Each structure stands twice: as structure tokens, then as C-alpha cells.
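Descriptive analysis of the structure
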Amino acid sequence: MSNRPAARKNAPAKPEFSRPALAPGLLGAIALMVGLALLDVDAFTIIRFVVSILALILCVFAVQGKAWWWLIGLAPIAVLWNPIVVIELHGQGWVSLQFVAALVFIASGIFIKVPRKD
């Protein structure tokens, strides 16, 4: 008799990828929806910081996951919501962009897969 534990036959296999973009994607979508209520208030600057930073984080995960096409939607979000060099947009077009950006955040969070290095 050996002292080694018996190997488990039904042990789950480790996944080959992870979804690190899911949390920032959902947080960005939530920030954009909260931002709809703050569009005409000075506190919208905080929303700009949050959205821009989370878009850049998602860009990094897109590059790591070799999902370059997500940069087409995420890079403009990082630029348009940039609080340092503000691009002033108003009206229904800006409100529509808030919703479109939230959809891009959610979709990229779900579909960006980064290979595991384990």
C-alpha cells in the first residue's frame, strides 16, 4: 500500500482561459447608467474618470486576449469620456452614446477571453 492519495477520476479540468474583463465591463456599464442622471452636474467629471480608466483597462485585456477588434469600440470610449481633454457633447446624441458605450462595456466584458498562464 502506498501513502499517496488516490487520484480523483471526476476532478474538474482547469479552464484554458479566464474572463478578467467581466468585472470592469460591468462596473463601466453601471457607471455609465449612473452618469445619465449626472450629465448636467459637475460630478459627471467623476463618471468621466471612471469610464475612461475602465475602458483603458478593458483595452489592456483585449490586447492580452488577442481580441484586437474590441479596441474599435473601447478606444473611442476612452477618448470621448476623457476628463483631462474634455470633448463637450450634449443632447440626445450624448445620451445615446452613453447607452451604446454601456453595451460595448458589457459585450466586451463577456467576450474578451485571456488565456491562463498556469
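Given the structure is predicted, the values throughout are model-derived calculations rather than measurements.

If you look at the biggest cluster of nonpolar residues, it comprises 26 residues, and the most contacted ones within it are Leu32, Val51, Leu74, Ile77, Trp81, Phe105 and Ile112. Secondary structure elements with two or more residues in this core: helix H1 (22–37), helix H2 (44–64), helix H3 (71–80) and helix H4 (91–111). Counting residues per element, this core draws most heavily on H2, which supplies 9 residues. Setting aside chain neighbours within four positions, we find phenylalanine 105 in contact with Pro24, Gly25, Gly28, Ala29, Leu32, Val51, Leu54, Ala55, Leu58 and Ile77.

Within the secondary structure, leucine 54 sits in helix H2. Linking leucine 54 and phenylalanine 44, residues 10 residues apart in sequence, is a C-alpha distance of 15 Å. Not counting residues within four places of it along the chain, the set of residues in contact with leucine 54 comprises Pro24, Leu27, Gly28 and Phe105.

Take the side chain of glutamine 98 next. Turning to its location among the elements, glutamine 98 is positioned in helix H4. In terms of polar contacts, glutamine 98 uses its side chain to reach the backbone carbonyl oxygen of leucine 32, at 3.0 Å. Setting aside anything within four residues of it in sequence, one finds glutamine 98 in contact with Leu32, Met33, Gly35, Leu36, Leu39, Phe44 and Trp81.

For the rest of this paragraph, the subject is the packing of H1 against H2. Taken N-terminus to C-terminus, the directions of H1 and H2 make an angle of 155°; their axes are 9 Å apart at the nearest point. As judged from the angle between their axes, H1 and H2 are roughly antiparallel. With respect to the hand of their crossing, H1 and H2 are arranged in left-handed fashion. Between H1 and H2, the contacting residues are Pro24, Gly25, Leu27, Gly28, Ala31, Leu32, Val34 and Gly35 on the first element and Phe44, Ile47, Val50, Val51, Leu54, Ile57, Leu58 and Phe61 on the second. Of the residues belonging to the contact of H1 with H2, the class tally is 13 nonpolar, 3 polar and no charged.

Calculation rules
- Residues numbered from 1 in each chain as written.
- Predicted model: local features only at pLDDT ≥ 70, side-chain atom pairs only at ≥ 80, totals over all residues.
- Heavy atoms only, no water.
- Core = buried A, V, L, I, M, F, W, Y, C linked by side-chain atoms within 4.5 Å.
- Buried < 20%, exposed > 50% of the residue type's maximum accessible area, 1.4 Å probe, protein only.
- Helix = DSSP H or I, 4+ residues; strand = E, 2+ residues; numbered from the N terminus.
- Contact = heavy atoms within 4.5 Å.
- Polar contact = N/O pair within 3.5 Å; in protein donor to acceptor, adjacent residues only side chain to side chain.
- Axes fitted to C-alpha atoms, helices over the stretch in contact; angles between N-to-C directions.
- Parallel < 35°, antiparallel > 145°, perpendicular 65-115°, else oblique.
- Left-handed = near helix turned anticlockwise from the far one by under 90°.
- Nonpolar A, V, L, I, M, F, W, Y, C, P; charged D, E, K, R; others polar.

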